[in-house]
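In case you want the letters, here they are:
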Amino acid sequence: MAFIDGKEIAAGIKERVAAQIAALPDGVVPGLATLLVGDDYGAAQYRGQIERLTTKSGFHYVDARLPATATLGEIHAKLDRLTADPAVHGILPLRPFPDGVGDEAVIDRLPPEKDIDGFHPDNLGRLLLDAPRLIPSTARACLVALDAAGVDLKGKEVVVVGRSATVGKPVGLLCMARHATVTTLHSRTRDLALHTRRADVVIVAIGRPRFLTAEMISDGAVVIDVGINWEEYTDADGNKKGRLVGDADTDGCAAVAAAITPVPGGVGAITNACLLENTLAALRLQDGGRRGRADSR
Ligand SMILES: NC(=O)c1ccc[n+]([C@@H]2O[C@H](COP(=O)([O-])OP(=O)(O)OC[C@H]3O[C@@H](n4cnc5c(N)ncnc54)[C@H](OP(=O)(O)O)[C@@H]3O)[C@@H](O)[C@H]2O)c1
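Residues numbered from 1 in each chain as written. Predicted model: local features only at pLDDT ≥ 70, side-chain atom pairs only at ≥ 80, totals over all residues.

**Q** Account for the pairing of strand β10 (residues 240–245), with residues named and values stated.
**A** Little of β10 is tucked away, with zero of its six residues classed as buried. Judged from the six bridges that link them, strand β9 (residues 229–234) and β10 form a sheet pairing that is antiparallel. By the bridge assignment, Glu231 is partnered in β10 with Arg243. Counting the residues between successive antiparallel strands, the hairpin from β9 to β10 contains five residues, one of them, Gly238, with a positive phi of roughly 85°. (Buried ≥ 20, exposed ≤ 12 C-beta atoms within 10 Å, placed from the backbone. Helix = DSSP H or I, 4+ residues; strand = E, 2+ residues; numbered from the N terminus. Pairing = 2+ DSSP bridges.)

Okay, structure coming up:
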């Protein structure tokens, strides 16, 4: 069994990104903005990761924020300012949004060419039409992990557990585009293990800690674990602690699988690096980033 090392894969992507930045015309700097609404712990952590990653990678980073009380109109106004900023090539609104503000109402406001998470209907529609432009970064990260593990998807049975528009559905489309036979499972699937056991590749993205167990996969399967779950536990000295765990029982599955992505250090690390690549792709879709900076915070 091999662990698919997301950190190493991400390092390779970052090297490619650095080479692409070095090749940009003088004065052109890729710019990424996050929009954090409120103070959700997970979203705030993710924002911090993106800030560290972008600034280390030579990107211009804009930290846009709104209070948890922000209305949809205020969120739209902030997105409009980021959209108008020529130094911002990619915009990443961080979910969750305030109660009563639907994801679609926020994402629809983004210009598709600045939608670096690939969630705008235009970008998802292009994926459906096999003409992708900006691809959801987590779905793309799963494919990057499979490529790194040397998995040729042609003709393979791929089972995707989870059908969200942000992970499950796009990753299924990407696998289908590589000529895999794809089955999508969800919370109403009867006898889920019947499907996962016959899969060459299981991609699990459901947000349920350690859900996929060794008994649910076949010998030699490849497991891509997208899940990021916070698990509290008590250590040997009786102290309460927390740790990140995936949607798969990593150790159990590792004993059976040919390869598996760990959590942390798997898909999540690759996803962040893919965001950098998506920002460069967004820059190319725009005007080459030749215009100057404006303060859109
Ligand atoms: N690594 C990364 O970069 C990254 C990025 C994004 C998300 N994530 C993680 O990936 C996980 C999924 O994220 P998401 O945004 O796709 O979640 P989501 O929008 O909540 O969707 C969860 C999906 O899982 C299905 N599901 C839930 N419980 C199930 C069960 N017991 N059996 C079968 N299917 C079940 C749901 O089915 P129904 O449709 O029937 O409700 C739904 O389709 C989360 O842990 C999230 O933190 C990781």
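Structure's up, so let's keep going.
**Q** Please set out the pairing of strand β4 (residues 90–94) residue by residue, giving values where relevant.
**A** The buried fraction of β4 amounts to five of the five residues, a majority that puts the element mostly inside the structure. Covered by surrounding structure in β4 are Gly90, Leu92 and Leu94 together with Ile91 and Pro93, the residues of both alternating faces. Strand direction decides the pairing type here: strand β2 (residues 31–37) and β4, joined by five bridges, are parallel. Note on β4: the bridge partner recorded for Ala33 is Ile91.

**Q** Break down the site of the ligand for me, with residues and values.
**A** Close contacts around the ligand come from 25 residues, with Ser164, Ser187, Ile206, Gly207 and Thr271 the closest. Broken down by element, the shell around the ligand gets its largest block of residues, three residues, from helix α10 (residues 267–285). Tallied by class, the residues present in the shell around the ligand amount to nine nonpolar, 13 polar and three charged. (Near = placed C-beta within 6 Å. Nonpolar A, V, L, I, M, F, W, Y, C, P; charged D, E, K, R; others polar.)

**Q** Residues and numbers for the environment of Ala148, please.
**A** You can see Ala148 is positioned in helix α6 (residues 137–148). Overall, the presence of 17 C-beta atoms within 10 Å leaves Ala148 in the partly exposed class. Between the alpha carbons of Ala148 and Asp5 there is a distance of 8.8 Å; along the sequence they are 143 residues apart. In this structure, Ala148 is in contact with Ile4 and Ile9, ignoring residues within four places of it in sequence. (Contact = placed C-beta atoms within 7 Å.)

**Q** So, the packing of α6 against helix α7 (residues 168–177): which residues are in play, and what are the values?
**A** Viewed as axis vectors pointing N to C, α6 and α7 meet at an angle of 40°, and their least axial separation amounts to 8 Å. One way to sum up the angle between α6 and α7 is to call them oblique. The hand of the α6/α7 crossing is right-handed. Only Pro170, Val171 and Leu174 of α7 make contact with α6, whose side of the interface consists of Ala139, Cys142 and Leu143. Of the residues assigned to the contact of α6 with α7, the class counts are six nonpolar, no polar and no charged. (Axes fitted to C-alpha atoms, helices over the stretch in contact; angles between N-to-C directions. Parallel < 35°, antiparallel > 145°, perpendicular 65-115°, else oblique. Left-handed = near helix turned anticlockwise from the far one by under 90°.)

**Q** I'd love a proper account of the environment of Glu231, names of residues and values included.
**A** Within the secondary structure layout, Glu231 lies in strand β9. In the structure, Glu231 is positioned 13 residues away from Leu244 in sequence and 6.1 Å away in space, judged by C-alpha atoms.

**Q** Tell me about the sheet that holds strand β3 (residues 60–66), residues and numbers included.
**A** Sheet architecture is open: three strands sit in the order β3-β2-β4, paired in parallel fashion. Single-partner strands in this sheet number two, and they are β3 and β4. Adjacent strand axes in the sheet meet at a mean angle of 15°, parallel and antiparallel pairs treated alike. Across the sheet, helix α3 (residues 72–84) touches β2, β3 and β4, and the angle it forms with β3 is around 165°.

**Q** Run through the nonpolar core, naming residues and quoting values.
**A** Looking at soluble globular proteins, one finds that nonpolar side chains tend to be buried together. Residues Cys142, Val202, Ile203 and Val223 are the most contacted members of the largest nonpolar core, which totals 82 residues. In terms of residues, this core owes the most to one element, α10, which gives eleven residues. Looking at which domains feed residues into this core, each of domain 1 (13–111) and domain 2 (137–271) gives three or more. Once you skip the residues sitting within four places of it in the chain, Val223 turns out to touch Val202, Leu212, Ile217, Ala248, Cys253, Ala257 and Ile260. (Core = buried A, V, L, I, M, F, W, Y, C linked by C-beta atoms within 7 Å. Domains from an automatic or database assignment.)

**Q** So what's going on with the domain arrangement of the protein chain? Which residues, and what values?
**A** By convention, interface size is frequently given as the accessible area that disappears when the constituent parts associate. Split by domain assignment, the protein chain resolves into domain 1 (13–111) and domain 2 (137–271). A C-alpha centroid distance of 27 Å is found between domain 1 and domain 2.

**Q** I'd love a proper account of helix α2 (residues 41–56), names of residues and values included.
**A** Here α2 spans 23 Å end to end across 16 residues, near enough to the 22 Å set by a 1.5 Å rise per residue. Along α2, the positions that sit buried rather than exposed are Ile50, Leu53 and Thr54. One face of α2 carries all of its buried residues, which in axial projection span an arc of 90°. Of the residues in α2, the exposed ones pointing more than 90 degrees away from the buried face are Tyr41, Gln45, Arg52, Thr55 and Lys56. If you follow the buried residues of α2, they end up packed against β2, β3, β4 and α10. The positive-phi residue at the C-terminal boundary of α2 is Gly58, with phi of around 80°. (Expected span 1.5 Å × (residues − 1). Arc of directions from axis to C-beta.)

**Q** Help me get a handle on unusual backbone geometry, residues and values and all.
**A** Here the residue pair Arg95 and Pro96 is connected by a cis peptide bond, since its omega of 5° sits within 30 degrees of zero. On the secondary structure map, Pro96 appears in the loop between β4 and α4 (103–107). The residue after Val263, namely Pro264, is reached through a cis peptide bond having omega 0°. Mapping Pro264 onto the fold places it in the loop between β11 (259–260) and α10. If you check the backbone angles, Asp130 has positive phi at about 60° while not being a glycine.

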